[in-house]
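# Topology and contacts: notes
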Amino acid sequence: MKQIISYIRREEWSPYVAGTLLGVVGILAVWMSNSLLGASGAFENLVGLAGQAIAPSLFDNMYFNYVMPPGITWGVVLLVGLFFGGMLGAATSGTLKWGKKGSANSDDQWKSIFGPQIWKRWLLAFVGAIILEYAAGIAGGCTSGLAISGGMLLAPSAFLFIAGMFASGIVTAYLIYRKRY
Amino acid sequence: MSTYVIALFLGVAFGFSLNKAGLTKYHKIVNVFRFTDMAVLKFMMTALVVSMSGLYLLRGLGLVTFPAPPATYIAGNIIGGLIFGFGMALSGYCPGTCAAGSGEGKLDYLIPGLLGFFVGAAIYGLTYQQVFPLISNIANEGNVVIPDLWNLSPLLTVLFFAVMSFFLFYLIDRAGLQRKKEI
């Protein structure tokens with residue numbers, strides 16, 4: 001029992017143990033809710049909700065009316081859970097960053113490559129996030145909604161997506177890191 | 001109501017696993033593309049092996065029916081993946097890990113990250129009609145799964161995937177050991 005608790009409190013688990021937990025979560029989502037895990041779709045549901053409240057005529061299109069109807073969907077609740085799950089995980093290992101120094105540019109490797117400037121990190125992160133969400137839309141899901149959820153059902157789309165993701169990820173990382181690759 | 005409770009519970013467990021696997025850290029995600037830390041790949045493949053074995057077993061026992069799998073439209077899946085990998089190497093996160101990282105209190109996840117996803121979602125929703133039908137019409141196979149598409153035994157397909165994964169884990173660890181020796 002003591003060993004289990006001390007393992008839970010570790011900052012990093014074996015990827016096999018953490019992966020098994022995610023696999024069980026994926027099974028339970030299908031079994032209990034007949035739903036697939038995902039994250040990128042929830043952002044669409046939420047932005048539709050905000051958009052139709054702020055600029056109803058702009059967001060009155062086929063996509064927001066029929067393809068991804070706005071609202072507090074199962075996926076949105078899952079996304080809220082993700083937020084608190086990350087919080088819980090960090091809390092158990094005492095690595096919460098709320099109000100701590102360095103929380104605005106949280107990664108040492110990033111700082112050693114790009115420097116300590118916060119604006120640089122925020123700019124690249126912001127642009128990266130826009131690209132990620134748009135790409136997830138084109139592909140039909142993100143790492144969780146397509147790669148994991150599609151892969152566990154053995155959908156070919158998931159493996160095509162994973163192949164594309166690794167191919168360009170490797171090239172991009174090489175271009176960014178160059179000599180330090 | 002109860003379905004929302006399940007979603008919340010599963011979301012927390014999902015975010016917890018992302019945190020413990022280290023996926024809420026920029027360097028963990030980028031280093032898998034540099035072949036210096038393969039934890040992300042191990043984590044994803046393990047999750048896939050566990051969940052596909054469990055789901056196909058449960059379906060074999062008649063305990064679950066599958067929801068519609070994500071659609072296969074070859075060009076779109078690959079192009080989307082290519083753009084996605086670019087964004088991932090740039091930011092060091094994906095939509096799920098950004099939400100979990102935000103919960104940890106990392107401001108570079110909470111503010112530019114979540115904001116970027118909302119902006120990206122709005123741009124996608126507003127340009128959907130001009131972009132998506134074009135791409136998804138190319139080589140569209142619909143909501144298929146591999147065993148049905150190629151007429152394979154589901155059991156053997158899962159087994160094949162599992163064996164391939166274990167072999168890959170073995171190769172990764174061997175390569176890692178060799179590198180240590182060299183240093």
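So, how was this worked out
Residues numbered from 1 in each chain as written. Chains lettered and ligands numbered in written order. Predicted model: local features only at pLDDT ≥ 70, side-chain atom pairs only at ≥ 80, totals over all residues. Heavy atoms only, no water. Phe/Tyr/Trp six-rings, centres within 6.5 Å; stacked < 30°, edge-to-face > 60°. Lys NZ or Arg CZ within 6 Å of the ring centre and 35° of its normal. Contact = heavy atoms within 4.5 Å. Buried area = accessible area lost by both parts, 1.4 Å probe. Salt bridge = Lys/Arg side-chain N within 4 Å of Asp/Glu carboxyl O. Polar contact = N/O pair within 3.5 Å; in protein donor to acceptor, adjacent residues only side chain to side chain. Helix = DSSP H or I, 4+ residues; strand = E, 2+ residues; numbered from the N terminus. Nonpolar A, V, L, I, M, F, W, Y, C, P; charged D, E, K, R; others polar. Core = buried A, V, L, I, M, F, W, Y, C linked by side-chain atoms within 4.5 Å. Buried < 20%, exposed > 50% of the residue type's maximum accessible area, 1.4 Å probe, protein only.

### A closer look at the packing of aromatic side chains
- Enumeration according to the criterion identifies 24 aromatic pairs over all chains in this entry.
- What links up through ring pairs into an aromatic cluster is the set Phe59(A), Tyr63(A), Phe64(A), Tyr134(A), Tyr73(B), Tyr124(B), Tyr128(B) and Phe132(B).
- Sitting over the ring of Trp110(A), Arg121(A) keeps its end group 5.1 Å from the ring centre.

### A short note on the interface of chain A and chain B
- Listed as interface residues are 120 residues of chain A and, on the opposing side, 117 residues of chain B.
- Taken as a group, Leu132(A), Ile138(A) and Leu154(A) account for 7% of the area that chain A buries against chain B, more than any other trio of residues on that side.
- Viewed at the interface, chain B and chain A are joined by 4 salt bridges.
- Among the salt bridges present, the one from Lys25(B) reaches Glu11(A), with a minimum N-O distance of 3.2 Å.
- For the interface between chain A and chain B, the tally reads 38 residue pairs in polar contact (both at pLDDT 80 or more).
- Among the secondary structure elements, those contributing two or more residues to the side of chain A that touches chain B are helix 2 (15–33), helix 3 (40–54), helix 4 (62–67), helix 5 (74–92), helix 6 (108–114), helix 7 (118–139), helix 8 (143–152) and helix 9 (156–177) of chain A.
- A total of 18 residues in the side of chain A that touches chain B trace back to one element, the largest contributor, which is helix 7 of chain A.
- Counted by class, the side of chain A that touches chain B contains 79 nonpolar, 31 polar and 10 charged residues.

### Thoughts on the nonpolar core
- In terms of nonpolar packing, the biggest core is built from 98 residues, with Phe14(B), Phe84(B), Met88(B) and Tyr93(B) touching the most fellow members.
- Among the elements that make up this core, the one with the highest residue count is helix 3 (residues 39–60) of chain B (12 residues).
- Residue contacts for Tyr93(B): discarding those within four places in its chain leaves Arg121(A), Ala125(A), Ala129(A), Leu132(A), Ile29(B), Met88(B), Cys98(B), Asp108(B), Tyr109(B), Pro112(B), Gly113(B) and Phe117(B).

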